[in-house]
Amino acid sequence: MLKWLRYIVLAGAALAAAGSHAQLRTDQAIPLGTGEMTIDTGPAAHPIPMQVFYATPDRITPHTRVVFVMHGAHRDASHYRDIWTPYAKQYGFIVVAPEFSQEQYPGVWHYQMGGVFDATGKREPPDTTAYAAIEKIFDTVRRKFRLNANAYDIFGHSAGAQFVHRMVLFWPQAHIRLAIAANAGTYTVPDTGVPLPFGIGDAGLDRATLAHAFATRLVVMAGSRDTNPNHRLLNRSAGAMKEGPNRLARAQYFFDAARRAAQQAGVPFRWTFQIVEGVGHSAAGMSAAASKIIGAQQ
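Computed from a prediction, not measured in an experiment: that's the story for all the values here. In this convention, every chain numbers its residues from 1, walking through the sequence in written order. A pLDDT threshold of at least 70 governs which residues receive local features in this predicted model, and a stricter bar of 80 or more applies before side-chain atom pairs are shown or counted, although totals over entire chains, interfaces and linings include all residues. As a convention, hydrogens and water are excluded, and side-chain values are obtained from all of the structure's heavy atoms.

**Re the packing of helix α2 (residues 77-91) against helix α9 (residues 283-296)**
Then, number 1: As a packed pair, α2 and α9 sit with axes 10 Å apart at the nearest point and diverge in direction by 25°. With respect to α9, the element α2 is oriented roughly parallel. Between α2 and α9 the crossing geometry is right-handed. In this structure, α2 contributes Tyr80, Ile83, Trp84, Tyr87 and Tyr91 to the contact, and α9 contributes Ala283, Ala284, Ser287, Ala288, Ala290, Ser291, Lys292, Ile294 and Gly295.
Then, number 2: For this classification, the nonpolar set comprises Ala, Val, Leu, Ile, Met, Phe, Trp, Tyr, Cys and Pro, the charged set comprises Asp, Glu, Lys and Arg, and every other residue, Gly included, is treated as polar. Partitioned by chemical class, the residues of the contact of α2 with α9 number 10 nonpolar, three polar and one charged. For every element, the axis is a line fit to its C-alpha atoms; helices are fit only across the contacting stretch, and the angle between N-to-C directions ranges from 0 to 180 degrees. Under the DSSP-based scheme used, a helix requires at least four consecutive residues in state H or I and a strand at least two consecutive residues in state E, with every element numbered from the N terminus. Working rule for angles: under 35 degrees goes down as roughly parallel, over 145 as roughly antiparallel, 65 to 115 as roughly perpendicular, anything else as oblique. It is the rotation of the near helix from the far one that decides the hand of a crossing: anticlockwise by less than a right angle makes it left-handed, clockwise makes it right-handed. In this analysis, two residues are considered to be in contact whenever any of their non-hydrogen atoms come within 4.5 Å of each other.

Structure (structure tokens):
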């Protein structure tokens, strides 16, 4: 009888301990380390469940920062999360890599252009855009990790860099602290004489929106070896070729045009241009350089 009583007491203690541990995980919302979660990013009438991959440092406080990492045209968010996982631990920030699938965000206009316009240049409803999805993911991450952060950093490579620099231009409501656009294949130049997607001639951007964009901290980044004019993923349409024969040239063209536009408008210009020496069209190489910039920020 005593033996069975002892067994019951021990079993109860074990269950209590297990319950306490489960409650702890619930309080933390999602486990630390690497993982994925599904977040509804669509408007209330049309839910869009999105796979979001993440990596955390070993310890999170209310002051831990959030860094969005935007994938390229292959829509391989888990790959980008894996590249950035060591930096999450090294610099102590949470990496968030949302996957904008072809099914939910098909083609260039829905991903690289952020879903702000359709292929005819008509404005889409704001709450259906890819940029609105970023804001919803940020709100969810803040809540789940119990963060005080009111802004995030965002990095994008290749197609992701197209996403990022256009978010700076077209989405002034974004809570961006620092943006880095690395090795974009094409750019939307702030030139009213050039139509979408290569200029803003028919985008309806007013002076205040452009001023806000130029005041946002954006690093236009390009690899010194990303100079292949025949790269299989490089856009060689007439509009793209006017920006330059390769990604390095196009990045320089975009930055110089933006700086002139800001000067002509008489507004502050906080963008910088950085060439990463010895790196070509490499997500890993550009991420290493970008993580140092983000990691150095306070």
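**Here we look at the confidence of the model for the chain**
Then, number 1: Here the chain averages 90 in pLDDT, while 90% of its residues score no lower than 70.
Then, number 2: Confidence drops under a pLDDT of 50 for residues 1-28, and excluding neighbours within four residues, the segment shows three contacts in the predicted structure. The predictor reports its confidence for every residue as pLDDT, a score running from 0 up to 100.

**Overview of the environment of asparagine 246**
Then, number 1: Locating asparagine 246 in the fold gives a position in the loop between α7 (238-241) and α8 (247-265).
Then, number 2: Here's how the labels work: a residue is buried when its accessible area is under 20% of the maximum for its type, exposed when over 50%, partly exposed in between, all with a 1.4 Å probe on protein chains only. Among the residues examined, asparagine 246 registers a relative accessible area of 10% and is labelled buried.
Then, number 3: Placed 63 residues apart in sequence, asparagine 246 and asparagine 183 show a C-alpha to C-alpha distance of 9.7 Å.
Then, number 4: The contacts of asparagine 246, once residues within four sequence positions are left out, are Asp226, Thr227, Asn228, Pro229 and Leu234.

**Regarding the sheet that holds strand β3 (residues 65-70)**
Hydrogen bonds between backbone atoms are what pair the strands of a sheet, whose relative direction is either parallel or antiparallel.
Then, number 1: What the eight strands build is an open sheet, ordered β1-β2-β4-β3-β5-β6-β7-β8; its pairing is mixed. Strand pairing shows two members of the sheet lacking a second neighbour, β1 (34-40) and β8 (272-276), which therefore form its edges. Pairs of neighbouring strands in the sheet enclose a mean axial angle of 25°, with direction left out of account.
Then, number 2: Pairing between strands requires that DSSP locate at least two bridges from one strand to the other. Taken together, the six bridges between strand β5 (residues 152-157) and strand β6 (residues 176-182) define a ladder with parallel strand orientation. In the sheet register, isoleucine 154 faces β6, and the bridge partner there is alanine 179.
Then, number 3: Taken strand by strand, α2 contacts β1, β2 (49-55), β3, β4 (93-98) and β5, and its axis lies near 175° from that of β4.

**So, the pairing of β5**
Then, number 1: Counting buried positions over the six residues of β5 gives six, a clear majority of the element.
Then, number 2: Burial of β5 is two-sided: the residues Tyr152, Ile154 and Gly156 facing one way and the residues Asp153, Phe155 and His157 facing the other way are all buried.
Then, number 3: Examined bridge by bridge, β3 and β5 share four bridges and lie parallel to one another. Paired with valine 69 across the two strands is phenylalanine 155, which belongs to β5.

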